[in-house]
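Descriptive analysis of the structure
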Amino acid sequence: MTDTPPLPEGYELSTDPARIDAVRVHHWLSTDAYWALGRSREKQDRAIAGSLNFGVYETVSGEQVAYARVITDRATFGWLCDVYVDRSVRGKGVGSALVAAVRDELGSYGVRRILLATHDAHGVYSRLGFGELEHPEHWMALIFGQ
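These numbers were taken from a predicted model, which means no experiment stands behind them. (Residues numbered from 1 in each chain as written. Predicted model: local features only at pLDDT ≥ 70, side-chain atom pairs only at ≥ 80, totals over all residues. Heavy atoms only, no water.)

**Points about the nonpolar core**
Just so we agree on the cut-off: For the purposes of this section, nonpolar cores are sets of buried Ala, Val, Leu, Ile, Met, Phe, Trp, Tyr and Cys residues that join through side-chain atoms within 4.5 Å. Relative accessibility under 20% of the residue-type maximum defines a buried residue, over 50% an exposed one, and the middle range a partly exposed one, all with a 1.4 Å probe and only protein chains included. A run of H or I in DSSP becomes a helix once it reaches four residues, and a run of E becomes a strand once it reaches two; helices and strands are each numbered from the N terminus. Only heavy atoms enter the contact rule, under which two residues are in contact if any of them lie within 4.5 Å.
One finds Leu80, Leu98 and Val102 to be the most contacted residues of the largest nonpolar core, which totals 23 residues. Elements with a minimum of two residues in this core: strand E2 (52-58), strand E3 (64-72), strand E4 (77-85) and helix H3 (94-108). Counting residues per element, this core draws most heavily on H3, at six residues. When residues no more than four places from it in sequence are discounted, the contact partners of Leu80 are Ala68, Arg69, Val70, Val99, Val102, Ile114, Leu115, Leu116, Tyr125 and Phe130. Of all hydrophobic cores here, the second largest spans eleven residues; its members include Ala22, Leu29, Ala36 and Tyr57.

Next comes the structure, spelled out in structure tokens:
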């Protein structure tokens, strides 16, 4: 396992679902995340409700600045998705610390495998221990329309 980068000073992480700013998360994802453009608020709210959610917040204001969610049984498997860092705090290490916290939380449950998909952040994830599938030919997907 690789090192766990700390959150920068002035930020805190929480898995408390009551702290998630669902309006903000929906706005981020539906307007600025290539994988979720146009996602409805109703669909996003269902996704939040059915997932283990991670938020990063400014400690003084309490404002949410980053989000990630995991679909998991908390025993064997996790799917990391919807990782988003507000543009105003990118480049400060918030995203790396967030993903490392997700990795470590799932590791504490004994999860054997965490999967994710990314178009443009391979470097971020590889620094945190993620790599290409060992046998991608073993994996399949059933894709429903948008």
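**What about helix H2 (residues 41-49)?**
In an α-helix, one turn spans 3.6 residues; hence positions three or four apart end up facing the same way. Worth spelling out the cut-off: The arc in question is the one traced by the directions running from the helix axis out to the C-beta atoms.
Burial in H2 covers these residues: Gln44, Ala47 and Ile48. Buried residues of H2 fall within an arc of 100° about the axis and therefore sit on the same side. Residues of H2 that are exposed and point more than 90 degrees away from the buried face comprise Arg46 and Ala49. Buried residues in H2 make contact with helix H1 (22-32), E2, E3 and E4.

**Some thoughts on the environment of Ile143**
Within the secondary structure, Ile143 is located in the segment after helix H4 (122-127). Sequence separation of Ile143 and Val89 is 54 residues, and the distance between their C-alpha atoms is 34 Å.

**What about the packing of aromatic side chains?**
To keep it simple, the criterion reads: Aromatic pairs are defined between Phe, Tyr and Trp rings, using the six-membered ring for Trp, whenever the two ring centres lie within 6.5 Å; interplanar angles under 30 degrees are classed as stacked, those over 60 as edge-to-face, and all others as tilted. Look at NZ for Lys and CZ for Arg. If either is within 6 Å of the ring centre and within 35 degrees of the ring normal, a charge sits over the ring.
Within the structure shown, the criterion is met by three aromatic pairs. Here Tyr34 and Trp35 contribute two aromatic rings whose centre-to-centre distance is 5.0 Å and whose plane-to-plane angle is 85°, an arrangement assigned as edge-to-face. The class for Tyr34 is partly exposed, based on a relative accessible area of 40%. Here Arg19 stacks its cationic end above the ring of Tyr57, 4.0 Å away from the centre of that ring. Sitting above the plane of the Tyr84 ring, Arg90 keeps its charged end 5.0 Å from the centroid.

**Comments concerning the sheet that holds E4**
Note the threshold: Between any two strands, pairing holds if DSSP finds at least two bridges. Lines fitted to the C-alpha atoms define the axes, with helices restricted to the stretch that makes contact. Angles between their N-to-C directions range from 0 to 180 degrees.
Taken in spatial order, the five strands line up as E1-E2-E3-E4-E5 in an open sheet, and their pairing is mixed. In the strand order of this sheet, the two ends are held by strand E1 (11-14) and strand E5 (113-115), each with one partner. Neighbour-to-neighbour, the strand axes of this sheet turn through a mean angle of 20°, independent of strand direction. One ladder, built from four bridges, connects E1 with E2; its direction is antiparallel. Residue pairing in the sheet places Leu13 in a bridge with Val56 of E2. Running over the sheet, H1 touches E3 and E4 and is turned about 85° from E3.

**Concerning the pattern of salt bridges**
Using the following cut-off: For this document, the term salt bridge refers to a Lys or Arg side-chain nitrogen within 4 Å of an Asp or Glu carboxyl oxygen.
Applying the stated rule across the entire model yields ten salt bridges. Asp21 is the partner of Arg24 in a salt bridge, and the nearest nitrogen-oxygen pair spans 3.8 Å. The class for Asp21 is partly exposed, based on a relative accessible area of 30%. Two residues, Arg87 and Asp32, come together in a salt bridge whose shortest N-O distance is 2.8 Å. Taken as a pair, Arg87 in the loop between E4 and H3 and Asp32 in helix H1 lie far apart in primary sequence, 55 residues in all. Judged by relative accessible area, which is 54%, Arg87 ranks as exposed. For Asp32, a relative accessible area of 27% translates into the label partly exposed. One network of salt bridges, in which partners are shared, links Asp21, Arg24 and Glu63.

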